[in-house]
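# Inside the fold
Okay, here's what each chain looks like letter by letter:
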Amino acid sequence: MQEKDIGKLIDSTVKDGGVLALLYFDLHGKEKGALQKLGVSFVQKVLREPGMKYARGEIDEPVERDGMFSTSMEMKVLTQDLISLARICATYSPFSIEILKPGEFLLDISQLHELLMFLGATTHDYKKYIMEKVATAEDRENYRRTLEQRVKLGEKLMKKGAE
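Residues numbered from 1 in each chain as written. Predicted model: local features only at pLDDT ≥ 70, side-chain atom pairs only at ≥ 80, totals over all residues. Heavy atoms only, no water.

### Notes on the packing of aromatic side chains
- Enumeration according to the criterion identifies three aromatic pairs in this entry.
- Seen in terms of ring centroids, Tyr24 and Phe95 are 6.4 Å apart; in terms of plane orientation they differ by 40°. Their pairing is tilted. Of this pair, Tyr24 sits in strand S1 (residues 19-29) while Phe95 sits in the loop between helix H3 (82-92) and strand S5 (96-101), placing them 71 residues apart in sequence.
- Plain terms: the ring middles of Phe25 and Phe42 are 4.9 Å apart, the flat faces sit at 85° to each other, and that makes the pair edge-to-face. (Phe/Tyr/Trp six-rings, centres within 6.5 Å; stacked < 30°, edge-to-face > 60°. Helix = DSSP H or I, 4+ residues; strand = E, 2+ residues; numbered from the N terminus.)

Given below as structure tokens:
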């Protein structure tokens, strides 16, 4: 895709609610060449994610220290909306993010609900994983009791809202 076409894609996507951002990642490995290949395949993987319109990565020269190579990668991404960008960030964990366009966001309530539900579901999945794989039996039991209390509170709030 030519630079002129990319500019048009960015402008039209941002106009329709898209986001242009820089994401920064760190990469580590035992082989310098493998890190560079990893960077290329990483960009291709991100491009296949839902809501992705464009991605381009630039990898810094890997530096060796104690037999390991480390580098950073800057990836410019264009997503169809803020929620797609949030999914990319939750899935791939960049160490830094810079929003390039738009200069501000105006979200309607349904978009805000979708974003917050996504964040809640992601946090729940992480907590569940930790409870299943890392927590002690006592921690799991305390968590189970807390969930039961939350269900009861939710039922009470629903009854109150129905009145």
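### A few points about the confidence of the model for the protein
- Scored by pLDDT, the protein comes out at a mean of 87, with 98% of its residues at no less than 70.
- Taking the mean pLDDT of every element in the protein, the minimum, 78, falls on helix H5 (residues 137-162) and the maximum, 95, on S5. (pLDDT = per-residue confidence, 0-100.)

### Digging into the layout of surface pockets
- In this structure, the largest pocket spans a volume of roughly 160 Å³.
- Gly17, Val19, Asp81, Leu82, Ile83, Pro102, Glu104, Phe105, Leu106, Leu107 and Gln111 are the residues that line the largest pocket.
- Partitioning the lining of the largest pocket into residue classes produces seven nonpolar, two polar and two charged. (1 Å grid on protein atoms, 1.4 Å probe; cavity = no way out; pocket = protein on both sides within 12 Å on 5 of 7 lines; lining within 4 Å. Points joined across faces, edges and corners; volume = space filled by probe spheres on them. Nonpolar A, V, L, I, M, F, W, Y, C, P; charged D, E, K, R; others polar.)

### As for the nonpolar core
- Ranked by size, the top nonpolar core spans 19 residues in total, and within it Met75 and Val77 carry the most contacts.
- At the level of secondary structure, the elements contributing two or more residues to this core comprise S1, helix H2 (32-47), strand S2 (52-59), strand S4 (68-79) and H3.
- For this core, the element with the most residues is S1, which contributes five residues.
- Core analysis: the second largest hydrophobic core is formed by six residues, Ile6, Val14, Tyr54 and Leu78 among them. (Core = buried A, V, L, I, M, F, W, Y, C linked by side-chain atoms within 4.5 Å. Buried < 20%, exposed > 50% of the residue type's maximum accessible area, 1.4 Å probe, protein only.)

### As for the pattern of salt bridges
- Applying the stated criterion to the full structure yields five salt bridges.
- Among the ionic pairs, Arg56 bridges to Glu58, the shortest N-O distance being 2.7 Å.
- The residue Glu141 makes a salt bridge to Arg145 at a minimum N-O spacing of 3.5 Å. Residue Glu141 and its partner Arg145 are located together in helix H5, separated by four residues, close to a single helical turn.
- Since its relative accessible area comes to 29%, Glu141 is described here as partly exposed. (Salt bridge = Lys/Arg side-chain N within 4 Å of Asp/Glu carboxyl O.)

### Focus: unusual backbone geometry
- Cis rather than trans, the peptide bond between Lys101 and Pro102 has omega equal to -5°.
- Of note, Pro102 is situated in the loop between S5 and helix H4 (109-133).
- Backbone geometry at Asp66 places phi at a positive 55°, although glycine is not the residue there.
- When you line up the elements, Asp66 lands in the loop between strand S3 (63-65) and S4.
- Looking at Asp66, the relative accessible area reads 73%, which means it is exposed.
- Notably, Ser93 is not glycine yet its phi reads approximately 50°, a positive angle.
- Among the secondary structure elements, Ser93 is positioned in the loop between H3 and S5.

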